[in-house]
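A closer look at the structure
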Amino acid sequence: MEGQHVYLEAQVEPRADPNLRIEWYKNGISLTTGTRLKSTFDFGHVTMSINGLRGDDSAIYTCK
């Protein structure tokens, strides 16, 4: 629903690799984090939170 908050999460391997870089994509296009979009990575647990959902947030989200 518009205006709500969504929280996406995934598990990735290797968990403790200091060189591992995670990128989030929306419909195949790289996302830039900011005040509405926040990403975290902690020992293999990856999250993306989106605050204040808008109609154009409807998409397929992936992390690589």
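Residues numbered from 1 in each chain as written. Predicted model: local features only at pLDDT ≥ 70, side-chain atom pairs only at ≥ 80, totals over all residues. Heavy atoms only, no water.

Here we take up the overall build of the protein. Helices and strands together make up the secondary structure of the protein, namely zero helices and six strands. Listing every helix and strand of the protein by position from the N terminus yields β-β-β-β-β-β. Once the C-alpha set of the protein is aligned to its principal axes, its extents read approximately 35 × 20 × 20 Å. If you take every contact in the protein between residues at least 6 apart in sequence, the share linking residues at least 24 apart comes to 63%. For the protein, the computed accessible surface area is about 4600 Å², with 53% contributed by carbon and sulfur atoms. Within the protein, one finds 7 positive and 8 negative side-chain charges whose respective centroids are separated by 5 Å. (Helix = DSSP H or I, 4+ residues; strand = E, 2+ residues; numbered from the N terminus. Contact = heavy atoms within 4.5 Å. Areas by Shrake-Rupley, 256 points an atom, 1.4 Å probe, with all protein chains shown as cover. Lys, Arg positive; Asp, Glu negative; His and termini not counted. Charge placed at Lys NZ, Arg CZ, Asp CG, Glu CD.)

Strand order in the open sheet formed by three strands is 1-5-4, and the pairing between neighbours is antiparallel. The strands lining the two open edges of the sheet, one partner per strand, are strand 1 (6–11) and strand 4 (37–42). Averaged over neighbouring strand pairs, the angle between their axes works out to 15° when direction is ignored. Pairing of strand 4 with strand 5 (residues 45–50) involves six bridges; the strand directions are antiparallel. Residue pairing in the sheet places S39 in a bridge with M48 of strand 5. (Pairing = 2+ DSSP bridges. Axes fitted to C-alpha atoms, helices over the stretch in contact; angles between N-to-C directions.)

Below, the discussion takes up the packing of aromatic side chains. According to the stated counting rule, one finds zero aromatic pairs in the structure shown. Across the ring face of Y25, the terminal group of K64 is positioned such that the distance to the ring centre comes to 5.2 Å. (Phe/Tyr/Trp six-rings, centres within 6.5 Å; stacked < 30°, edge-to-face > 60°. Lys NZ or Arg CZ within 6 Å of the ring centre and 35° of its normal.)

Right, let's get into the nonpolar core. Within the largest apolar cluster, nine residues are counted, these being V12, W24, L31, L37, V46, M48, I50, L53 and Y61. With near-sequence residues (within four places) excluded, Y61 lies in contact with L8, Y25, K26, L31 and I50. (Core = buried A, V, L, I, M, F, W, Y, C linked by side-chain atoms within 4.5 Å. Buried < 20%, exposed > 50% of the residue type's maximum accessible area, 1.4 Å probe, protein only.)

With that out of the way, let us pick up the side chain of D57. Along the chain, D57 falls in the loop between strand 5 and strand 6 (61–63). Here D57 falls in the buried class, since its relative accessible area comes to 7%. Polar side-chain contacts of D57 include one of 2.9 Å to the side chain of R36. With residues near it in sequence (within four places) discarded, D57 still touches K26, R36, I50 and G52. (Polar contact = N/O pair within 3.5 Å; in protein donor to acceptor, adjacent residues only side chain to side chain.)

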